[in-house]
Amino acid sequence: MAAIDTSARGNWNTKLGFILAAAGSAVGLGNIWRFPTVMAENGGAAFLFIYALLVFIIGYPVMVAEMSMGRSSQKNPVGAFRALSNSRFFPIVGFWMVLCGIAILSFYIVIAGWTISYFFEQIFFYAGWYDLASFIADTDNGWLNAILAIIFMGLTISIILGGVSDGIERAVRMLMPMLVVIIVILIGYVLFQPGASEGLRVYLVPDFSAITPDLILAALGQAFFSLSLGMGALITYGSYLSKKENIPEAAGYVTVFDIGIAFLAGLLVMPTIYIAQSQGMVIFDDDGNLVAGIALIFQVLPELFHEMGGLIGLIFGATFFFLLSIAALTSSISLLEVPTSYTIDEHRMPRKKAALLIGGTVTIISIILSFNTGGIDILNYVFSDLGLPLGGLMICLFLGYVWKTENARHEIRSGFEGLDEHWFWPVWTFFVRYICPILIGLVLVVTAYELIGTLFA
Ligand code: PHE
């Protein structure tokens with residue numbers, strides 16, 4: 001895969017290149033850090049059920065919408081709205097998406113930094129350097145968080161500057177399957193530990209009475225976050241996509257791959273939580289909230305590797321965190337690419353300057369977050385749970401009523417012969433015009449109503 005090129009557009013050389021890049025964007029901390037954490041907070045199986053439903057009825061249609069807008073306009077989100085309509089309002093929406101990208105990236109790199117520190121924690125622990133191991137694993141250490149976030153940002157910027165290079169394609173192609181294999185082996189191990197069956201039950205047997213408006217919003221936010229939707233990442237990636245490719249098919253692969261990895265991550269983490277609990281680790285407080293909060297997987301998984309013991313524990317532990325940081329990197333690239341391509345296209349800035357400017361701004365925010373990790377929850381709520389679905393709603397309204405599905409049809413037809421006779425077409429248009437906007441709108445309205453209620457209570 002050549003890449004995000006600096007001069008010309010339209011250069012994922014192969015179909016696989018595009019699918020890999022989009023899957024690389026989708027699969028990341030969202031699957032392995034965020035999904036299990038949000039699920040544990042929201043009662044397990046009921047969350048999984050709603051999440052899976054929303055991925056298919058809302059996530060997938062929106063993904064097709066983003067990719068076709070990107071490929072048709074050959075632009076970043078702001079430019080895409082401008083190129084596809086005369087609207088003055090929608091470019092502002094595009095700008096909101098760019099902002100969401102900046103905000104999400106600023107906390108994303110802090111968490112991604114932890115995947116690096118836990119890689120080293122596993123090594124130090126094996127070597128018997130316990131003090132060093134607990135030092136590097138201290139997620140409350142602001143300076144350490146900041147340094148790790150800066151390192152991670154440096155890696156992200158260096159890839160954005162060179163274009164998404166051949167190296168990344170190879171990385172995604174080889175390392176993602178490895179991640180799957182490791183997770184599957186770990187699941188096999190975990191399921192035989194005492195306490196695992198309770199975790200499995202919580203994960204797989206839904207208690208539908210647990211479904212609340214909060215849970216639905218969390219599931220919707222998670223679906224958008226995990227699939228990289230609602231902030232124009234796939235508009236931007238779609239703008240580099242060749243006219244020969246079949247968009248609905250590519251989106252289908254990415255969706256199934258992404259939810260598959262999230263499901264496996266849950267299958268690993270939920271039982272692990274209950275095993276840890278049966279060994280006396282305190283996971284939930286009296287109100288049922290997570291004690292470790294966003295650090296949940298960094299609380300339970302390293303313990304699991306230590307318990308496996310010896311060289312085996314080290315190999316699994318270090319490889320797991322290494323692969324997780326690569327997965328995070330292929331996502332952070334796409335998060336940075338959105339504001340960068342916006343700055344290049346709309347402000348005529350050279351790529352290098354744009355990447356450094358945006359990357360620098362994001363780094364400053366992430367340093368502040370490094371010392372105040374509580375701020376991550378707030379950004380996560382405002383920009384992921386509310387911001388991304390809002391972006392998705394706007395994309396549906398834009399595509400369905402401003403750009404119009406007829407134009408989208410023209411775009412999707414290229415690479416998809418027989419679209420006009422295929423059931424996909426009427427079903428997708430119905431979802432984009434009615435089902436998705438109504439459902440997203442409902443969730444957002446109910447949430448706003450609840451928020452106002454709590455503010456004035
Ligand atoms: N989907 C990525 C993940 O799961 C995060 C992401 C969100 C990337 C939005 C791009 C846009 O980790």
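On a predicted model such as this, the values are computed, not experimentally measured, just so you know. Along each chain, residue indices are assigned from 1 in the same order as the chain's sequence is written. In keeping with the model being predicted, local features are shown solely for residues with a pLDDT of at least 70 and side-chain atom pairs are shown and tallied solely at 80 or more, while totals for entire chains, interfaces and linings include all residues. Side-chain measures here rest on the full set of heavy atoms in the structure, leaving out hydrogens and waters.

Asks: Got a minute to help me understand the overall build of the protein chain in this structure?
Replies: Elements are defined by DSSP. Helices are runs of H or I of four residues or more, strands are runs of E of two residues or more, and each kind is numbered from the N terminus. Along the backbone of the protein chain there are 17 helices and zero strands. For this measure, only C-alpha atoms enter the radius of gyration; the expected value for a globule follows 2.2 Å times N^0.38, where N is the number of residues. Against the 2.2 N^0.38 benchmark of 23 Å for 457 residues, the protein chain shows a C-alpha radius of gyration of 21 Å, consistent with a compact globule. The principal-axis extents of the C-alpha atoms in the protein chain amount to approximately 60 × 50 × 45 Å. Each of the 457 residues in the protein chain was classed as buried or not, and the buried ones make up 60%. The contact criterion used throughout is that any non-hydrogen atoms of two residues lie within 4.5 Å. Long-range pairs, those at least 24 residues apart, make up 82% of the contacts in the protein chain between residues at least 6 apart in sequence. Where accessible areas are quoted, they stem from the Shrake-Rupley method and a 1.4 Å probe; at the residue level, only the protein chains shown are allowed to cover. When the accessible surface of the protein chain is split by element, carbon and sulfur atoms take 67% of a total near 17700 Å². Of the side-chain charges in the protein chain, 20 are positive and 31 negative, and the distance between the mean point of each set is 18 Å. For the exposure calls, accessible area comes from a 1.4 Å probe over protein chains only, and a residue counts as buried if that area is under 20% of its type's maximum, exposed if over 50%, partly exposed in between. This count recognises Lys and Arg as positive and Asp and Glu as negative, with His and chain-terminal groups excluded. To locate a charge, take atom NZ for lysine, CZ for arginine, CG for aspartate or CD for glutamate.

Asks: Quick question: what am I supposed to make of helix α10 (residues 213-226) here?
Replies: Under the convention used throughout, the expected extent of a helix is 1.5 Å for every residue step, that is, one less than its residue count. For α10, which comprises 14 residues, the first-to-last C-alpha distance of 20 Å matches the rise-based estimate of 20 Å (1.5 Å per residue) to within 8%. Most of α10 is tucked away: 11 of the 14 residues are buried. For α10, the complete set of buried residues consists of L215, L217, A218, A219, L220, G221, Q222, A223, F224, F225 and S226. After α10 finishes, the residue S228 shows a positive phi value of roughly 60°.

Asks: Sorry if this is basic, but what is going on with a nonpolar patch on the surface here?
Replies: A surface patch of nonpolar side chains, about 710 Å² in accessible area, is lined by I378, Y381, V382, L451, I452, L455 and F456. Of all elements in the fold, only α16 (374-413) and α17 (424-455) reach the threshold of two or more residues within the nonpolar patch. As for its position among the elements, I378 is in helix α16. Within this analysis, patches are made of residues with over 30% relative accessible area and no salt bridge. Like charges are joined at 9 Å or less; nonpolar side chains (Val, Leu, Ile, Met, Phe, Trp, Tyr) at 5 Å or less. Criterion for a salt bridge: a side-chain nitrogen of Lys or Arg within 4 Å of a carboxyl oxygen of Asp or Glu.

Asks: I'm lost on the confidence of the model for the protein chain in this one. Help?
Replies: Per-residue confidence for the protein chain gives a mean pLDDT of 91, with 95% of residues at or over 70. One confidence number per residue, pLDDT, is output by the predictor and ranges from 0 to 100. Looking across the protein chain, the model is least confident in helix α8 (residues 166-190), with a mean pLDDT of 81, and most confident in helix α3 (residues 45-73), with 97. For the stretch residues 1-10, pLDDT sits under 50, and the model shows 33 contacts to residues farther than four places along the chain or on other chains.

Asks: For this particular structure, what's the right way to read the packing of aromatic side chains?
Replies: Side-chain rings of Phe, Tyr and Trp (the six-membered ring for Trp) are treated as a pair once their centres are within 6.5 Å; stacked means planes under 30 degrees apart, edge-to-face means over 60, and tilted covers the remaining angles. Applying the stated rule across the entire model yields 32 aromatic pairs. Where F124 meets W129, the ring centres are 5.9 Å apart and the plane angle is 40°; that geometry is what we call tilted. The class of F124 is buried, set by a relative accessible area of 15%. Here the aromatic rings of F424 and W428 are separated by 6.1 Å at their centres, their planes lie at 15°, and the arrangement is stacked. With F424 and W428 both in helix α17 and four residues apart, the pair spans about one turn of that helix.

Asks: How should the site of the ligand be read in this particular structure?
Replies: Consider each residue's heavy atoms; a residue with any of them within 4 Å of a molecule or strand counts as near. As a matter of local geometry, the ligand sits amid 15 residues, with A26, G30, Y108, F225 and S228 nearest to it. Polar contact is the term for a pair of N or O atoms within 3.5 Å; when the atoms are in protein, one must be able to donate a hydrogen and the other to accept it, and sequence-neighboring residues count only if both atoms are side-chain atoms. For the ligand, an oxygen atom lies 2.8 Å from a polar atom in the backbone of G30. Contact with the protein chains covers 100% of the free accessible surface of the ligand, which is 330 Å². The set of elements that each furnish at least two residues to the shell around the ligand consists of α1 (15-26), α2 (29-41), α10 and α14 (310-347). Each residue belonging to the shell around the ligand can be placed in one class, and the counts come to seven nonpolar, eight polar and no charged. Any residue that is not Ala, Val, Leu, Ile, Met, Phe, Trp, Tyr, Cys, Pro, Asp, Glu, Lys or Arg is counted as polar, Gly included; the first ten are nonpolar and the last four charged.

Asks: Sorry, what's going on with helix α12 (residues 247-278) here?
Replies: Since the α-helix turns once every 3.6 residues, residues separated by three or four places project in the same direction. Taking 1.5 Å of rise per residue, 32 residues should cover 46 Å, and α12 covers 47 Å from first to last C-alpha, within 8% of that figure. When you tally the buried positions in α12, you get 24 out of 32 residues, the bulk of the element. With a side-chain oxygen lying 3.1 Å from the backbone nitrogen of E249, the N-terminal cap of α12 falls on N246. G280, located one to two residues past α12, shows a positive phi value of around 105°.

Asks: For this particular structure, what's the right way to read the pattern of salt bridges?
Replies: When the charged atoms of two side chains with opposite charge come close together, those side chains can pair. On inspection of all chains with the given rule, the structure shows nine salt bridges. Between E337 and R351 there is a salt bridge, with its nearest N and O atoms 3.0 Å apart. In this pair, E337 sits in helix α14 while R351 sits in helix α15 (residues 351-371), placing the two residues 14 residues apart along the sequence. When its relative accessible area of 0% is taken as the criterion, E337 is described as buried. Two residues, D420 and R413, come together in a salt bridge whose shortest N-O distance is 2.9 Å. Here D420 falls in the partly exposed class, since its relative accessible area comes to 34%. Judged by its relative accessible area of 33%, R413 is partly exposed. Salt bridges sharing common partners tie together E406, R409, R413 and D420.

Asks: Help me out: how do you make sense of the environment of G310 in this one?
Replies: If you trace the backbone, G310 turns up in helix α14. Relative accessible area serves as the criterion here: at 47%, G310 is assigned to the partly exposed category. Spatially, the C-alpha atom of G310 lies 42 Å from that of A250, the residues being 60 residues apart in sequence.

Asks: Please clarify how unusual backbone geometry should be interpreted in this entry.
Replies: Residues other than glycine seldom take positive phi values, yet S228 does so here, at roughly 60°. By secondary structure assignment, the location of S228 is in the loop between α10 and α11 (233-238). Take S228: its relative accessible area is 11%, and that puts it in the buried class. The phi dihedral of R348 is positive, around 50°, even though this residue is not glycine. Among the secondary structure elements, R348 is positioned in the loop between α14 and α15.

Asks: Looking at this structure, how should I read the environment of H410?
Replies: Its location among the elements puts H410 in helix α16. Distance in space between the C-alpha atoms of H410 and S68 is 9.6 Å, their sequence separation being 342 residues.

Asks: Explanation requested: the packing of α10 against α17 in the structure shown.
Replies: A pair of packed helices is captured by two measures, namely the crossing angle of their axes and the spacing between those axes. Here, axes are lines fitted to C-alpha atoms. For helices the fit covers the stretch in contact, and angles between N-to-C directions go from 0 to 180 degrees. Following both chains from N to C, one finds α10 and α17 inclined at 130°, their axes separated by 10 Å at the closest point. Accordingly, the angle class assigned to the pair α10 and α17 is oblique. For α10 against α17, the interelement crossing comes out left-handed. Residues P213, D214, I216, L217, L220 and F224 of α10 form the contact with α17, whose own contacting residues are I440, V443, L444, V446, T447 and E450. By definition in this entry, angles of less than 35 degrees are roughly parallel, angles greater than 145 are roughly antiparallel, angles of 65 to 115 are roughly perpendicular, and the rest are oblique. Should the near helix be turned counterclockwise from the far one by less than a right angle, the crossing is left-handed, whereas a clockwise turn marks it as right-handed.

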